[in-house]
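# Structure at a glance
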Amino acid sequence: MPTERNNATPAERLQNLLAHRGVASRRAAAELIRAGRVAVDGRVVNEPGARVSPEAALTLDGRPVAQTAAPCRTFLYNKPVGEVCSADGQGARSVLEAFRGLGLRLVPVGRLDKSSEGLLLVSNDGDLIQRLTHPRFGHRKTYEVEVNLPPTPRQLALLRSPLKIEGYRIRPVPVERLGGCRLRFTLAEGRHRQIRQMCEQAGLRVRRLRRVALSGLTLGTLRPGQWRELSRAEIARLLAPAATACPANDCTMTKEDRDD
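Residues numbered from 1 in each chain as written. Predicted model: local features only at pLDDT ≥ 70, side-chain atom pairs only at ≥ 80, totals over all residues. Heavy atoms only, no water.

### Remarks on the overall build of the chain
In plain terms, the rule: The way it works is that DSSP assigns letters per residue, a run of H or I at least four long becomes a helix, a run of E at least two long becomes a strand, and they are numbered from the N terminus. Burial here depends on accessible area, computed with a 1.4 Å probe over protein chains only, as a share of the maximum for the residue type. Under 20% is buried, over 50% is exposed, and the range in between is partly exposed. In this description, contact between two residues means that some pair of their heavy atoms is separated by no more than 4.5 Å. Note on areas: Shrake-Rupley, 1.4 Å probe, and residue coverage restricted to the protein chains presented here.
When its secondary structure is counted, the chain shows six helices and 17 strands. Residues counted as buried form 49% of the 260 residues belonging to the chain. Pairs at least 24 residues apart make up 69% of the contacts formed inside the chain by residues separated by at least 6 positions. When the accessible surface of the chain is totalled, it reaches about 12600 Å², and 49% of it is carbon and sulfur.

So this is what it looks like as structure tokens:
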């Protein structure tokens, strides 16, 4: 296991070091390490908690990771249908393609699946990514959803109940009927494809799913495929303690926000 090069320099956990260098959140960095994608001084390390020197030479997928993190920047992107929230694209266009010209190592904050659209944050700020993706901070996300049929009162009541998804009992979700087949969901947690699974349990099929807000941020006039950088004030609000944050022992979501 790698150790510090200089006894005067305290060693640091590898996943924390990757986060500090702006690669990803600590949790996402741990996944990269376990996948064997990170090398320390030329040697692959699979243990996120391995202690390494802060001056160690790190590579991700064979590419050097700069010792000094790039300035933290966060962008609000209007994700179109058909794009995926992964760096390699997996056969489709990645949301990161829109930011290639910036020369930054950015990652999506949370997920929207290929068939979903709307507000997505993209960032290299590890602390902000951690705060936005961990359920205990309770950041609320708002979605406008079109289903195949006008929901009945019984179906609406079911959607607002504490449904069980993938073995977990979710907290009741505010669901507002906007008229016709349109609904508005407000989530403080985000199980894998949660809204689609909720609708399936109610006998409804999602035709369109669009995230329109996240903790006070909205798409504004951004058209699909467009982005803007967040202001310092907006980032400060996202980092501030959330009044809606849930206690650590009351959060049913334990994994990173996935496809909604």
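More follows now that the structure is in view.
### Thoughts on the nonpolar core
Filter applied, for reference: The criterion is simple. A nonpolar core is a set of buried Ala, Val, Leu, Ile, Met, Phe, Trp, Tyr and Cys residues joined through side-chain atoms within 4.5 Å.
Counting residues in each nonpolar core, the largest one holds 30 residues, and the members touching the most others are Val 145, Leu 159, Phe 185, Ile 195 and Met 198. Here Met 198 is in contact with Leu 159, Leu 163, Ile 165, Ile 170, Val 173 and Phe 185, once residues within four sequence places are set aside. Membership of the second largest hydrophobic core comes to 18 residues, among which are Ala 24, Ala 28, Val 45 and Leu 60.

### Overview of helix H5 (residues 194–201)
Taken across its eight residues, H5 has six buried, putting it largely inside the fold. Of all the residues in H5, the buried ones are Gln 194, Ile 195, Arg 196, Gln 197, Met 198 and Cys 199. Packed against the buried residues of H5 are strand E10 (141–147), helix H4 (153–159), strand E11 (164–165), strand E14 (182–187) and strand E15 (206–214). Phi for Gly 203, located one or two positions after H5, is positive at around 80°.

### What about the side chain of Asn 78?
Here Asn 78 lies in strand E7 (residues 74–79). Note on Asn 78: relative accessible area 3%, which makes it buried. Non-local contacts of Asn 78, meaning those with residues more than four positions away in its chain, are made with Gly 118, Leu 219, Leu 222, Arg 223, Pro 224, Gly 225 and Gln 226.

### Brief notes about the environment of Pro 162
With respect to the helices and strands, the residue Pro 162 is situated in the loop between H4 and E11. What makes Pro 162 partly exposed here is its relative accessible area of 40%. Distance in space between the C-alpha atoms of Pro 162 and Met 198 is 10.0 Å, their sequence separation being 36 residues. For Pro 162, the contacting residues outside a window of four places in its chain are Arg 169, Ile 170 and Pro 172.

### Side note on unusual backbone geometry
Phi at Asp 41 is positive, roughly 50°, even though this residue is not glycine. Counting through the fold element by element, Asp 41 comes out in the loop between strand E2 (38–40) and strand E3 (43–44). Of note, Ser 215 is a non-glycine position whose phi angle comes to about 45°, a positive value. Relative to the helices and strands, Ser 215 is located in the loop between E15 and strand E16 (217–218).

### Quick notes on the pattern of salt bridges
Note the cut-off: Salt bridges are defined as contacts in which a side-chain nitrogen from Lys or Arg sits within 4 Å of a carboxyl oxygen from Asp or Glu.
Enumeration according to the criterion identifies 11 salt bridges in this entry. A salt bridge links Glu 83 to Arg 93, with the shortest nitrogen-to-oxygen separation between them at 2.8 Å. With Glu 83 in the loop between E7 and strand E8 (107–109) and Arg 93 in the loop between E7 and E8, this residue pair connects regions lying 10 residues apart in the sequence. The class for Glu 83 is buried, based on a relative accessible area of 6%. When its relative accessible area of 43% is taken as the criterion, Arg 93 is described as partly exposed. With a shortest N-O distance of 2.9 Å, Arg 184 and Glu 176 are connected by a salt bridge. With relative accessibility at 39%, the residue Glu 176 sits in the partly exposed group.

### Remarks on the packing of aromatic side chains
Note the threshold: Each Phe, Tyr or Trp ring, with Trp reduced to its six-membered ring, pairs with another whose centre is within 6.5 Å; inter-plane angles below 30 degrees give stacked pairs, above 60 give edge-to-face pairs, and intermediate values give tilted ones.
In total, this model carries four aromatic pairs according to the counting rule given. Between Phe 75 and Trp 227 the ring centres are 5.1 Å apart and the planes differ by 80°, which places this aromatic pair in the edge-to-face class. Of this pair, Phe 75 sits in strand E7 while Trp 227 sits in strand E17 (residues 227–229), and the two are 152 residues apart along the sequence. You can call Phe 75 buried: its relative accessible area is 0%. Here Tyr 77 and Phe 99 contribute two aromatic rings whose centre-to-centre distance is 5.5 Å and whose plane-to-plane angle is 70°, an arrangement assigned as edge-to-face. You can see Tyr 77 sitting in strand E7 and its partner Phe 99 sitting in the loop between E7 and E8, a full 22 residues away along the chain. Each member of the pair, Tyr 77 as well as Phe 99, carries the same accessibility label: buried.

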